[in-house]
Amino acid sequence: MKYTPMELAERRVELSAEYARDSELLEGILEKKAWMWPDIRKGMKSDKSADKQWDASTDGVMEIKLRLRMKASEKKMSAARTLLEVLSGEARNQW
């Protein structure tokens with residue numbers, strides 16, 4: 001699929017906005033986790049089992065999803081940056 005430099009730049013901006021939104025959502029979940037985790041830990045034998053209990057919760061699943069979405073956005077932004085660099089080089093006959 002061919003993209004114009006402007007389309008790639010716009011896509012990077014969209015991905016950055018998505019990343020920022022997800023980061024803010026993650027911040028709220030991690031704040032909640034900080035308050036809830038000691039109570040979860042009280043009923044468990046280890047930190048690992050408490051972490052698994054958190055991961056099984058609705059907020060824990062959302063934390064995992066947000067982290068994965070943010071990682072995917074990072075990769076897509078990096079790929080768009082690479083394509084922009086290639087297109088810039090092509091425009092100057094450097095490729």
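Residues numbered from 1 in each chain as written. Predicted model: local features only at pLDDT ≥ 70, side-chain atom pairs only at ≥ 80, totals over all residues. Heavy atoms only, no water.

**Regarding the overall build of the protein chain**
Link 1 in the chain: In terms of helices and strands, the protein chain carries 3 helices and 0 strands.
Link 2 in the chain: Ordered by position from the N terminus, the helices and strands of the protein chain form the series α-α-α.
Link 3 in the chain: Relative to the 2.2 N^0.38 estimate, which gives 12 Å for 95 residues, the radius of gyration of the protein chain is 20 Å and therefore markedly larger than a compact globule would have.
Link 4 in the chain: The dimensions of the protein chain, computed from C-alpha atoms along their principal axes, are 65 × 20 × 20 Å.
Link 5 in the chain: Contacts in the protein chain between residues at least 24 apart in sequence constitute 68% of all its contacts with a sequence separation of at least 6.
Link 6 in the chain: Of the accessible surface of the protein chain, which amounts to about 7,200 Å², a share of 58% is contributed by carbon and sulfur atoms.
Link 7 in the chain: Looking at the protein chain, you have 19 positive and 17 negative side-chain charges, and the mean spots of the two groups are 5 Å apart. (Helix = DSSP H or I, 4+ residues; strand = E, 2+ residues; numbered from the N terminus. Rg over C-alpha atoms; globule rule 2.2 N^0.38 Å. Contact = heavy atoms within 4.5 Å. Areas by Shrake-Rupley, 256 points an atom, 1.4 Å probe, with all protein chains shown as cover. Lys, Arg positive; Asp, Glu negative; His and termini not counted. Charge placed at Lys NZ, Arg CZ, Asp CG, Glu CD.)

**Focus: the environment of G60**
Link 1 in the chain: Structurally, G60 can be placed in helix α3 (residues 58-91).
Link 2 in the chain: Of the residues examined, G60 reaches a relative accessible area of 0% and is grouped as buried.
Link 3 in the chain: On a C-alpha basis, the gap between G60 and L30 in space is 9.2 Å, while along the polypeptide they are 30 residues apart.
Link 4 in the chain: Not counting the four nearest positions on each side in its chain, G60 is found in contact with W54 and D55. (Buried < 20%, exposed > 50% of the residue type's maximum accessible area, 1.4 Å probe, protein only.)

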